[in-house]
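Coordinate inspection notes
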Amino acid sequence: MAERMGFPASIERVESLTPTLRRFVLSAQKQTFPPVSPGSYAALEFEDGEKVYKNAYSIVERSEDGRDLTVIVRLAPQSRGGSRFLHEKGRPGLPVWVGSVANLFPIVKTARRHLLLSAGIGITPFLSYLKKLRSVGADYTLHHFCRAEERPAFEALLADQDQVRVFVHTELPSEVGLADWLQDEAIATHVYFCGPEGFMKWVEETTHRCGFAPGKAHSEHFFVPEGGRPFEVILARSGRRVAVKADETLLEALEQADVDAPCMCRGGACGACAVTVLDGQADHRDHVLTEAERASGNVILTCVSRAKTDTLTLDL
Amino acid sequence: MSGQTHVRDSYRPPFHVENSEETILRFPFPFPEDTYMYSMNVEPHVRGGPVEAMSHTFDVDEHYIGECAEKARILAEDPKRCMVLPHMRDAEWDFLELGMDSLSSDYPGHFTLKKEGNDWRWENHLLNISQSFVFGDEATLPQAPFEYMARQMQGDFTLHDQRENDLWMDGGMVTSQADWSLKFDMGMSFRQWHAPVPKASEMGIFDRGLRFLLMLQYGRPVRRLNWTMTINPRLDTSPENYMIWGEDRASVTPENVAEKVHLRVELQSLYRLPRSNAILFAIRCYLLPIKDIMTVPKWRKRLHRVLRDLDPALASYKGLDLYRSTVVEFLRPHDDGAPLSVGIQPE
């Protein structure tokens, strides 16, 4: 496809919520943004003159008239540059390309009750959930976990919500009794969770222990691809070799080398970037491949995963 | 397409459906090669394509008024041909918006849409409909939004909710189907509603197809062609009415084969709907009798080769067993065996 998919936009407003959280309102430059379903993300592209950054962020809100999209960006300590750049240089007027908009974390519309669990930045998909669940009169509860110093910021974010349904906690989930609350949920409840890896692991294990069927526990891993040991890929179809540096992803290295590699979410969540591995051993960091697929050793998601061996040969 | 002002087609006895030369040449002939087997024949649904039928989001042709009238008749006889589960409300509005936006921009002479915020005015000049309504407020339309729009479009439509890494048929309007039933398939998952199809499952087609569709993105619709054969120009070959049309299959003779036997092609297109995250599956049916296919040398030769060599399991599944040999015998003298170009274009 010759036509570049997406929407040209620019930063309209920036608000600091906490020292590490900033809200960006993006304004469409040409046609308006499409309506978005709760839980959607947008892949944003922006550049500092030297480097092009491509990151996916949950869409917190799309304005009724379609002119604005709102995202909240966390300054991650392990940021490879994108979030850091937005925090430092993301001022009104900065051009941003809104690429693919998709939803990997939708509300289950047939659920009888929705239990939303978030920690830190993990609240962002639920800000769009809450609006929808309230407007359709659904049965839902949100428990949000954060550090004590961030409490006022999150309470402010949730100020317009139905206060009998949203709770902000500064203790750990295990300390407030979340395991008991999960235990007491009815069988028809769907649980959704999003937050840092430690939180995710705890909720995953606890819901499993409480007997939630896999189809009733839904999660979105906020995956910031981390760097790692440099390695080299060999493109079997052309014989070309592409070096992957310590601070870039395999996908970025392929794009830099003008290789037409598939991709969508850029966060190891959708599976669109799967490529066949012909030789070498992958270091899987995604949330998509099944155990069997990992064991087969012949597929890799280029957006987050790396290599355990010095070279990887790909069917590209 | 021009000059349509009244119902002139009849899709039930006494049958009367005539195709102009333009309609014949814009037909989406389904065979790019001389043999046929299932494949992931999915491509982006972009403007342009080997035949004119693919050049709009939703194709409108000279049978528009006749097909809408037949659809209205079927719905009056059997209202349950249109069903939508309550959790698909957002998808209904998504569908109405997609239909009105694309029809009015693709065919401005036939359809007009004016929007002021949520106050919309829709005019369908072919069916003499004009309607002011509030987008999002069902009470301002004469029917629910999906039904309202689907009645004004050729072809069948189903709405699919996405959950648990699967697609669920949770709504639709189905009146021109090739022997499947919305009443039966409602609420089924992707693999469940495809269960009757032979071979494709072992070939891994459904696993790959589902994986692909779960990632379908807004603004990037895709399309594929599917085909079967139908005796007489009947749009409604439903299981519900099998007692009416089933016996037609035994009525084909060497004398009537060119008139009676139709190649039935579905131009299927799939769209991610933005508000609901649902998927719209549009199934537009084209019926072309053998006598019309005969006028295009490439198509009549290729149809002969495909039918002659078709896998028996596929032929049975498509219901061709009673008359396939009669069609092949009829076409054989008109195929000189010359090599044909790859692709579905008439040449």
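These numbers come from a predicted model, not from an experiment. (Residues numbered from 1 in each chain as written. Chains lettered and ligands numbered in written order. Predicted model: local features only at pLDDT ≥ 70, side-chain atom pairs only at ≥ 80, totals over all residues. Heavy atoms only, no water.)

Next up on the list: the overall build of chain B. Summing up its helical and strand segments, chain B has 13 helices and 10 strands in all. Taking 2.2 N^0.38 as the reference for a compact globule, 347 residues should give roughly 20 Å; the C-alpha atoms of chain B span a radius of gyration of 20 Å, in line with that estimate. Considered along the principal axes of its C-alpha atoms, chain B spans approximately 60 × 45 × 40 Å. A total accessible area of about 14300 Å² is found for chain B, and carbon and sulfur atoms account for 53% of it. Across chain B, the centroid of the 39 positively charged side chains sits 2 Å from that of the 51 negatively charged ones. (Helix = DSSP H or I, 4+ residues; strand = E, 2+ residues; numbered from the N terminus. Rg over C-alpha atoms; globule rule 2.2 N^0.38 Å. Areas by Shrake-Rupley, 256 points an atom, 1.4 Å probe, with all protein chains shown as cover. Lys, Arg positive; Asp, Glu negative; His and termini not counted. Charge placed at Lys NZ, Arg CZ, Asp CG, Glu CD.)

Within chain A, the secondary structure is distributed over eight helices and 19 strands. In terms of C-alpha radius of gyration, chain A reaches 20 Å, essentially the compact-globule figure of 20 Å for 316 residues. Along the first, second and third principal axes, the C-alpha atoms of chain A reach 60 × 45 × 35 Å. Going through the 316 residues of chain A one by one, you find that 52% of them count as buried. Pairs at least 24 apart in sequence give 67% of the contacts found in chain A among residues at least 6 apart. (Buried < 20%, exposed > 50% of the residue type's maximum accessible area, 1.4 Å probe, protein only. Contact = heavy atoms within 4.5 Å.)

Attention now moves to the sheet that holds strand S3 (residues 111–116) of chain B. Residue and element names in this part refer to chain B. With antiparallel pairing, the three strands of this open sheet are ordered in space as S3-S4-S5. One side of each edge strand has no neighbouring strand; the edge strands of this open sheet are S3 and strand S5 (129–134). Each strand axis lies, on average, 10° off the axis of its neighbour in the sheet, ignoring direction. When S3 meets strand S4 (residues 119–124), the two strands line up antiparallel, connected through six bridges. Each bridged residue has a counterpart across the sheet, and for leucine 113 the counterpart in S4 is tryptophan 122. Across the sheet, helix H3 (residues 89–106) lies against S3, S4 and S5, angled at about 120° from S3, the strand it touches most. (Pairing = 2+ DSSP bridges. Axes fitted to C-alpha atoms, helices over the stretch in contact; angles between N-to-C directions.)

With that settled, consider the interface of chain A and chain B. Taken together, the contact pairs 21 residues of chain A with 18 residues of chain B. Buried surface at the junction of chain A and chain B, both sides included, amounts to about 1800 Å², of which 57% is carbon and sulfur. Of all residues in chain A, Met5, Pro35 and Lys109 of chain A give up the largest surface area on contact with chain B, accounting jointly for 31% of the area buried on that side. Connecting chain A to chain B are three salt bridges. Here glutamate 293 of chain A makes a salt bridge to arginine 211 of chain B, at a shortest N to O gap of 3.0 Å. Remark: the boundary between chain A and chain B carries six residue pairs in polar contact (both at pLDDT 80 or more). The biggest single contributor to the side of chain A that touches chain B is strand S7 (residues 95–103) of chain A, with three residues. Considered class by class, the residues forming the side of chain A that touches chain B number 11 nonpolar, six polar and four charged. (Buried area = accessible area lost by both parts, 1.4 Å probe. Salt bridge = Lys/Arg side-chain N within 4 Å of Asp/Glu carboxyl O. Polar contact = N/O pair within 3.5 Å; in protein donor to acceptor, adjacent residues only side chain to side chain. Nonpolar A, V, L, I, M, F, W, Y, C, P; charged D, E, K, R; others polar.)

Enumeration over the complete set of coordinates arrives at 30 aromatic pairs over all chains. Between phenylalanine 46 of chain A and phenylalanine 85 of chain A the ring centres are 5.9 Å apart and the planes differ by 10°, which places this aromatic pair in the stacked class. Of this pair, phenylalanine 46 of chain A sits in strand S3 (residues 40–47) while phenylalanine 85 of chain A sits in helix H1 (residues 82–89), placing them 39 residues apart in sequence. In this structure phenylalanine 46 of chain A comes out as buried when scored by relative accessible area, which is 2%. Taken together, Phe27, Phe29, Phe31, Tyr36, Tyr38, Trp227 and Trp299 of chain B form an aromatic cluster joined through their ring pairs. Just above the ring of tryptophan 227 of chain B sits the side chain of lysine 318 of chain B; from NZ or CZ to the centre is 4.6 Å. (Phe/Tyr/Trp six-rings, centres within 6.5 Å; stacked < 30°, edge-to-face > 60°. Lys NZ or Arg CZ within 6 Å of the ring centre and 35° of its normal.)

Residues and elements named next belong to chain A. One pass over the full model with this rule turns up 54 salt bridges over all chains. Put simply, aspartate 286 and arginine 294 hold a salt bridge, and the shortest N to O gap is 3.3 Å. Residue aspartate 286 is classed as buried on the basis of its relative accessible area of 5%. Overall, the relative accessible area of 23% leaves arginine 294 in the partly exposed class.

By size, the foremost hydrophobic cluster in this structure holds 61 residues, and its most contacted members are Trp227, Met229, Val261, Leu263, Leu303 and Leu307 of chain B. Met88, Phe95, Trp120 and Ala282 of chain B belong to the second largest nonpolar core, which has 36 residues in total. (Core = buried A, V, L, I, M, F, W, Y, C linked by side-chain atoms within 4.5 Å.)

Residue and element names in this part refer to chain A. In this structure, strand S11 (residues 189–195) lies alongside strand S12 (residues 217–221), joined through five bridges in parallel fashion. Bridging from a neighbouring strand, cysteine 194 pairs with glutamate 220 of S12. What joins S11 to S12 is helix H6 (residues 197–209), and the crossover it makes is right-handed. (Right-handed = clockwise from strand over helix to strand, strands pointing away.)

Right, let's get into the confidence of the model for chain B. Of the residues in chain B, 99% have a pLDDT of 70 or more, and the chain-wide mean is 94. Scoring of the predicted complex yields 0.91 for pTM and 0.87 for ipTM. (pLDDT = per-residue confidence, 0-100.)

In this section: the sheet that holds S11 of chain A. All names here are of chain A. Ordered by their spatial adjacency, five strands build an open sheet running S10-S9-S8-S11-S12, and the pairing between neighbours is parallel. With one partner strand each, in any of the chains shown, strand S10 (166–169) and S12 form the two edges of the open sheet. Averaged over all pairs of adjacent strands, the angle between strand axes in this sheet comes to 15°, irrespective of strand direction. Judged from the six bridges that link them, strand S8 (residues 113–119) and strand S9 (residues 140–145) form a sheet pairing that is parallel. Within S9, the position partnered with leucine 117 by the bridge is histidine 143. Relative to the sheet, helix H2 (residues 124–135) contacts S8, S9, S10, S11 and S12, its axis offset from that of S8 by approximately 155°.

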